[in-house]
Amino acid sequence: MDVKGQVAIITGGASGLGAATAEILSAAGAKVALLDVNEKAAAEQAGKLGGMAAACDVADEASAQAAVAKVRETLGVPRILVNCAGIGPAKRILGRDGPMPLSDYRRVIEINLIGTFNMMRLAAAEMSKADPIDGERGVIVSTASVAAFEGQVGQAAYASSKGGVAALTLPAAREFSQFGIRVLAIAPGIFATPMLKALPQESQDSLGASVPFPRRLGEPREFGELVLFLAHNGYMNGEVIRIDGALRMAPR
């Protein structure tokens, strides 16, 4: 799909991978809608790109419905959805203070997995009503993680949420084939997001050195460029694509 002139929703669009993806898609001519719990930051970013912003808690049904409706009314029917909203707290299942609070686990699953599913179902409903362009109506790209396959100690909640995103991709792609909607996921390795940039430089360098090649952190723009490629390539469907410099995570 040529993204020029098409409406693209990016969740978690205020910063990190989401913001970079919005920049890449906007530069390619897409009309971008940045959805984020931090509406002010999303609005600032959207203003730079000539796009729009909307407050959105992806795990909340009413909030997500309102945000998607705002996008449709403001920019038109979305043809592209990029799920970047997510959290990644580290906590052991059984720590010094006892078992992980169930509420902590539930929060990660609700945002990362249920939030992805929530936005997927709402965006697909919009796309399914649109006229096809070169045989397709839309494309959905979700964010998994290499932790889905090599979760480390302390990543039980995060890894299982991202494993769910990876497992969701193929059945969704198969179901949405009747509508001409493609579904994909990207599994990034260690990227220079604001969370990692907040670490001391020594820690950042150490993490980058663990990557076989190139021996550095991934740049958010590289994630965004992959999203653009997946949108353009109409034969890419039902896949989870790693972008990690050949990294395989160690247990710790």
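Everything numeric in this text was worked out from a predicted model, so none of it was measured.

Caption draft 1: Region of interest: the environment of Ala-41. In this fold, Ala-41 is placed in helix 2 (residues 39–49). When the C-alpha atoms of Ala-41 and Leu-228 are compared, they prove to be 23 Å apart, with 187 residues separating the residues in sequence.

Caption draft 2: Seen up close, the pattern of salt bridges. Within the structure shown, the criterion is met by ten salt bridges. In this structure, Glu-61 engages Arg-121 in a salt bridge whose closest nitrogen and oxygen atoms are separated by 3.3 Å. Here Arg-121 lies in helix 4 (residues 102–127) and Glu-61 lies in helix 3 (residues 61–74), a separation of 60 residues in the sequence. Take Glu-61: its relative accessible area is 46%, and that puts it in the partly exposed class. Residue Arg-121 is classed as partly exposed on the basis of its relative accessible area of 32%. Each of Glu-150, Arg-242, Asp-244 and Arg-248 takes part in one network of salt bridges that share partners.

Caption draft 3: Representation of the nonpolar core within the structure. Counting residues in hydrophobic clusters, the biggest one holds 31 residues, and the most contacted among them are Ile-10, Leu-25, Ile-80, Val-82, Ile-186, Phe-223 and Leu-230. For this core, the leading source of residues is helix 8 (residues 220–232), giving six residues. Ile-10 has contacts with Gly-18, Thr-21, Ala-22, Leu-25, Val-32, Ala-33, Leu-34, Leu-35, Val-82 and Cys-84, leaving out every residue within four places of it along the chain. In this structure, Ala-54, Leu-81, Ala-123 and Val-183 belong to the second largest nonpolar core, which totals 28 residues.

Caption draft 4: Just the pairing of strand 4 (residues 78–83), in detail. With six of six residues buried, strand 4 is to be regarded as a mostly interior element. As defined by bridge partners, strand 1 (residues 7–11) adjoins strand 4 across five bridges and the pair is classed as parallel. Residue pairing in the sheet places Ile-9 in a bridge with Leu-81 of strand 4. In this sheet, strand 7 (residues 138–143) lies alongside strand 4 in parallel orientation, the contact comprising four bridges. Its bridge partner lying in strand 7, Leu-81 is registered against Ile-140.

Caption draft 5: View of the pairing of strand 1. Counting buried positions over the five residues of strand 1 gives five, a clear majority of the element. Side-chain alternation along strand 1 places Val-7, Ile-9 and Thr-11 on one buried face and Ala-8 and Ile-10 on a second face that is also buried. Of the strand pairs in this sheet, strand 1 and strand 2 (residues 31–36) are connected by five bridges, and their pairing is parallel. Counterpart to Ile-10 in the pairing with strand 2 is Leu-34. With respect to chirality, the unit in which strand 1 leads through helix 1 (residues 16–27) into the neighbouring parallel strand 2 is right-handed.

Caption draft 6: Local environment of the side chain of Ser-145. Structurally, Ser-145 can be placed in the loop between strand 7 and helix 5 (156–176). Note on Ser-145: relative accessible area 5%, which makes it buried. Here Ala-147 takes part through its backbone nitrogen, which lies 3.0 Å from a polar atom of the side chain of Ser-145. With sequence-adjacent residues up to four places away left out, Ser-145 is seen in contact with Tyr-158, Lys-162, Ile-186, Ala-187 and Pro-188.

Caption draft 7: The sheet that holds strand 4, seen in detail. In space, the seven strands of this open sheet follow the order 3-2-1-4-7-8-9, with parallel pairing throughout. For this open sheet the edge positions go to strand 3 (52–55) and strand 9 (240–243), each flanked by a neighbour on one side alone. When strand polarity is set aside, the average angle formed by the axes of neighbouring strands in this sheet is 20°. In the packing of helix 5 onto the sheet, contacts are made with strand 7, strand 8 (181–188) and strand 9, and the angle to strand 8 comes to roughly 160°.

Analysis parameters
Residues numbered from 1 in each chain as written. Predicted model: local features only at pLDDT ≥ 70, side-chain atom pairs only at ≥ 80, totals over all residues. Heavy atoms only, no water. Helix = DSSP H or I, 4+ residues; strand = E, 2+ residues; numbered from the N terminus. Salt bridge = Lys/Arg side-chain N within 4 Å of Asp/Glu carboxyl O. Buried < 20%, exposed > 50% of the residue type's maximum accessible area, 1.4 Å probe, protein only. Core = buried A, V, L, I, M, F, W, Y, C linked by side-chain atoms within 4.5 Å. Contact = heavy atoms within 4.5 Å. Pairing = 2+ DSSP bridges. Right-handed = clockwise from strand over helix to strand, strands pointing away. Polar contact = N/O pair within 3.5 Å; in protein donor to acceptor, adjacent residues only side chain to side chain. Axes fitted to C-alpha atoms, helices over the stretch in contact; angles between N-to-C directions.

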